[in-house]
Amino acid sequence: ETGVTQSPTHLIKTRGQQVTLRCSSQSGHNTVSWYQQALGQGPQFIFQYYREEENGRGNFPPRFSGLQFPNYSSELNVNALELDDSALYLCASSFGQGASYEQYFGPGTRLTVT
Amino acid sequence: AQSVSQHNHHVILSEAASLELGCNYSYGGTVNLFWYVQYPGQHLQLLLKYFSGDPLVKGIKGFEAEFIKSKFSFNLRKPSVQWSDTAEYFCAVNARNAGNNRKLIWGLGTSLAVNP
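What counts, and at which threshold
Residues numbered from 1 in each chain as written. Chains lettered and ligands numbered in written order. Predicted model: local features only at pLDDT ≥ 70, side-chain atom pairs only at ≥ 80, totals over all residues. Heavy atoms only, no water. Pairing = 2+ DSSP bridges. Helix = DSSP H or I, 4+ residues; strand = E, 2+ residues; numbered from the N terminus. Axes fitted to C-alpha atoms, helices over the stretch in contact; angles between N-to-C directions. 1 Å grid on protein atoms, 1.4 Å probe; cavity = no way out; pocket = protein on both sides within 12 Å on 5 of 7 lines; lining within 4 Å. Points joined across faces, edges and corners; volume = space filled by probe spheres on them. Nonpolar A, V, L, I, M, F, W, Y, C, P; charged D, E, K, R; others polar. Buried < 20%, exposed > 50% of the residue type's maximum accessible area, 1.4 Å probe, protein only. Polar contact = N/O pair within 3.5 Å; in protein donor to acceptor, adjacent residues only side chain to side chain. Contact = heavy atoms within 4.5 Å. Core = buried A, V, L, I, M, F, W, Y, C linked by side-chain atoms within 4.5 Å. Disulfide = S-S within 2.5 Å. Buried area = accessible area lost by both parts, 1.4 Å probe. Salt bridge = Lys/Arg side-chain N within 4 Å of Asp/Glu carboxyl O.

1. Digging into the sheet that holds strand β1 (residues 5–7) of chain A
Residue and element names in this part refer to chain A. Strand order in the open sheet formed by four strands is β1-β3-β8-β7, with antiparallel pairing between adjacent strands. If you trace the sheet from one side to the other, it starts and ends with β1 and β7 (64–68), each paired once. Strand-to-strand twist in this sheet, taken as the mean axis angle between neighbours without regard to direction, amounts to 20°. By the bridge criterion, three bridges tie β1 to strand β3 (residues 19–24) in an arrangement that is antiparallel. Bridging from a neighbouring strand, Gln 6 pairs with Cys 23 of β3.

Written out as structure tokens, the structure is:
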């Protein structure tokens, strides 16, 4: 059974640029959730995708967007990067929508915006 | 707004000491409760969860947590810690029947260091 993988592991971008982060869900899972974890903070829910549709969103502006593909992998896109977007971005997959299903986390992508 | 408070940010214990990490949440309705752990260099993983039923739940590696509804608390306990329990511990809450019930709300985390 393959776990959740994320790419890249680290990324450095300049303010105003755009970034795409990728996540491959665990085998058999159809739901992907994305979280932002700033240094010293707990994860903050960005959004969730279930069967290729956005299925719940946290308090993040529209410049945070995503996609889910037919194989249930997912992308997180962030436009017009700001310094405060520097964080660890976590992807979690689960079988079923809603936070009640156990979520399996990837290692995260560390984004630094300069 | 819903929130989760973890009272201890950093805890240092010796092996065999007992552990209790506090977690309180603010939401008056029905909740699902979780404790996650992140060992050094590893992914976040689920320790235990409470959805309904017996308020005392047992998780992996000898951990347990008790849901006390009247206190809005879900404290994590272990009678005797080991060096391998050194990790970051997160409490998370899902407010069921809230507008966005797919959202997990997380505490800031507690960093536990166990000295051998």
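The discussion continues.
2. Let's talk about empty space enclosed by the protein
All names here are of chain B. With the rule as written, the count across this model stands at one cavity of 30 Å³ or more. When its volume is computed, the largest cavity comes out at roughly 30 Å³. Contributing elements (two or more residues each) for the lining of the largest cavity: β1 (3–6), β4 (23–26) and β10 (87–95). Grouping the amino acids of the lining of the largest cavity by side-chain chemistry returns six nonpolar, three polar and no charged.

3. A short note on the side chain of Ser 93 of chain A
All names here are of chain A. Of note, Ser 93 is situated in strand β9 (residues 87–94). Under the relative-accessibility criterion, Ser 93 is labelled buried at 0%. At a separation of 3.1 Å, a polar atom in the side chain of Ser 93 contacts the main-chain amide nitrogen of Gln 26. Discounting chain neighbours no more than four positions away, the residues touching Ser 93 are Val 4, Ser 25, Gln 26, His 29, Thr 31, Val 32, Glu 102, Gln 103 and Tyr 104.

4. Topic: the nonpolar core
Counting residues in hydrophobic clusters, the biggest one holds 29 residues, and the most contacted among them are Leu 33, Trp 35, Leu 47, Leu 48, Phe 74, Leu 76 and Tyr 89 of chain B. Of all hydrophobic cores here, the second largest spans 19 residues; its members include Val 19, Leu 21, Phe 60 and Leu 76 of chain A.

5. Observations concerning the pairing of β4 of chain B
Residue and element names in this part refer to chain B. Every second residue of β4 is oriented toward a common face, the buried set being Cys 23 and Tyr 25 and the non-buried set Asn 24 and Ser 26. Where β1 and β4 come together, four bridges link them in antiparallel fashion. By the bridge assignment, Ser 5 is partnered in β4 with Asn 24.

6. Some remarks on the state of the cysteines
Residue and element names in this part refer to chain B. Within the structure shown, the criterion is met by two disulfides over all chains. Two residues share a disulfide in this structure: Cys 23 and Cys 91, whose sulfurs sit 1.9 Å from each other. On the sign convention where negative is left-handed, the bridge of Cys 23 and Cys 91, at about -65° about the S-S bond, is left-handed. In this pair, Cys 23 sits in strand β4 while Cys 91 sits in strand β10, placing the two residues 68 residues apart along the sequence. Exposure class is identical for Cys 23 and Cys 91. Each is buried.

7. Considering the interface of chain B and chain A
Each partner contributes to the interface: chain B provides 18 residues, whereas chain A provides 24 residues. Interface of chain B and chain A: buried area, both sides summed, is about 1700 Å²; carbon and sulfur atoms make up 54% of it. Counting every contact that joins chain B to chain A gives zero salt bridges. In this assembly, chain B and chain A are joined by one residue pair in polar contact (both at pLDDT 80 or more). Those elements that provide at least two residues to the side of chain B that touches chain A are β5 (31–38), β6 (44–50), β10 and β11 (104–106) of chain B. For the side of chain B that touches chain A, the class distribution of residues is nine nonpolar, six polar and three charged.

8. A closer look at the side chain of Gln 36 of chain A
Residue and element names in this part refer to chain A. You can see Gln 36 is positioned in strand β4 (residues 31–37). Among the polar contacts listed, one links the side chain of Gln 36 to the side chain of Tyr 89, at a separation of 2.9 Å. The contact partners of Gln 36, leaving out residues within four places of it in the chain, are Gly 42, Pro 43, Gln 44, Ile 46, Phe 60, Phe 64, Asp 84, Asp 85, Ala 87, Leu 88 and Tyr 89.

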